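Below, each chain spelled out in residue letters.
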Amino acid sequence: MEGVQEGLASAWAWLFAEPQEAERIDWGRSALRFTTSDEARALIDRERVERWLAHGNLRYPQFSLTFGGEALHPNRYTRAQVVGEHRHTGCADPGRIAAAIGEGATLSLTGIEVWDEHLARLSAELGRALVARVQTVAFLTPPGHFGTRAHRDATHVFVVQAEGSKRWTLYDLPAGDDWDLAEIPGEDAVTEEVELRAGEGLYVPLGMGHRAMAGPEGSLHLSVMVNPPRLREVVQAWAAQVSAAFTGQEHLPIGREGRIEAVGEALRRIQETPVDLGALAAAVESAAPPPDRAAPLPWPAAPGVSGR
């Protein structure tokens, strides 16, 4: 247990200036404003975003643009590039992206942990500590514009304000678990407004409605999204486990006669099938986090030099 706590403290140090402040997180119940760490503020900046778009070989949907909450068609900001004899479509067009942002569009970069080693380490450490899937999304929004419409996320979100400022409007939490992402909260459901400046962060609970408007200098923020396994995944993993009790060639009888009895017998066998709860828990835990660093390539050792 002590090792787990140390790992969690190390993971929180990526986000919180004071890792112990993470103890104030009221998971799924209330928002939390906090001071971000120097490491978090160093994870992303506009120069790095420009470099990713110009030289990162990114392709849609790794990046996207929205205007007033409406998605812009990728043809407006992507281009085709020829690599060798292959023509790749959906590649980032930095000039057209910049022009769209100048007109008020918001740029989103999704799954940055896939191509950036620093965010890969953050996602890996936090994912292991919380036993959850962790993904990252960056939002670059021009001054005076909303990045998205009011919406709810199916993940817990930690916002890291990297540059500029953004005013967050937080709405109510949905009652119970019967809600979907398309459910837009109304203005009468506003519970809090928080203005974040560079170096500040915000925890937004899973399902809490929100939207945010960039300040006079624009805004660049990073969203670290924590997605714990869903109970539906438990059911799916259980079904996969108990299905091993049936051979691949067992069928229901032809016609309706006798099928109800056959289904009843199948359910009896399911009830009698032992379930390995440890294996079930392992099956529903998050997918393997991205590696902290790339695996070493198998270069042959020089004569007289031992390998690593």
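The coordinates are above.
Just so you know, these numbers come straight off a predicted model, no measurement behind them.

Undergrad: Residues and numbers for unusual backbone geometry, please.
TA: Leave glycine aside and you will find that most residues have negative phi; peptide bonds, for their part, are mostly trans. Cis geometry is adopted by the peptide bond preceding Pro61, which originates at Tyr60 and carries an omega value of 15 degrees. By the secondary structure assignment, Pro61 is in the loop between α3 (46-55) and β2 (63-67). Unusually for a residue other than glycine, Asn57 sits at a positive phi of about 55 degrees. When its relative accessible area of 56% is taken as the criterion, Asn57 is described as exposed. One non-glycine residue, Val131, adopts positive backbone phi at about 50 degrees. Turning to its location among the elements, Val131 is positioned in the loop between α5 (117-130) and β7 (133-141). What makes Val131 partly exposed here is its relative accessible area of 35%.

Undergrad: Help me get a handle on the nonpolar core, residues and values and all.
TA: Judged by nonpolar contacts, the single largest core of 45 residues is most densely connected at Leu107, Leu109 and Phe158. When neighbours within four sequence positions are excluded, Leu107 is seen to be in contact with Val49, Leu53, Phe63, Ser64, Leu65, Ile97, Ile101, Ala138, Phe139 and Leu140.

Undergrad: Tell me about the pattern of salt bridges, residues and numbers included.
TA: Counted under the stated rule, the structure contains 17 salt bridges. The salt bridge partner of Arg24 is Glu21, with a shortest N-O separation of 2.8 Å. A salt bridge links Arg29 to Asp26, with the shortest nitrogen-to-oxygen separation between them at 3.6 Å. The class of Arg29 is exposed, set by a relative accessible area of 59%. By relative accessible area, which is 29% here, Asp26 ends up partly exposed. Counted as one network, the salt bridges with shared partners bring together Arg167, Glu193, Glu195 and Arg197.

Undergrad: Summarise the environment of Ala11; cite the residues concerned and give the values.
TA: As for its placement among the helices and strands, Ala11 is situated in helix α1 (residues 2-12). Of the residues examined, Ala11 reaches a relative accessible area of 1% and is grouped as buried. Sequence-wise, Ala11 and Arg121 are 110 residues apart; in three dimensions their C-alpha atoms are separated by 9.4 Å. Residues within four places of Ala11 in sequence aside, it is in contact with Glu125, Leu126 and Ala129.

Thresholds, definitions, all that
Residues numbered from 1 in each chain as written. Predicted model: local features only at pLDDT ≥ 70, side-chain atom pairs only at ≥ 80, totals over all residues. Heavy atoms only, no water. Helix = DSSP H or I, 4+ residues; strand = E, 2+ residues; numbered from the N terminus. Buried < 20%, exposed > 50% of the residue type's maximum accessible area, 1.4 Å probe, protein only. Core = buried A, V, L, I, M, F, W, Y, C linked by side-chain atoms within 4.5 Å. Contact = heavy atoms within 4.5 Å. Salt bridge = Lys/Arg side-chain N within 4 Å of Asp/Glu carboxyl O.

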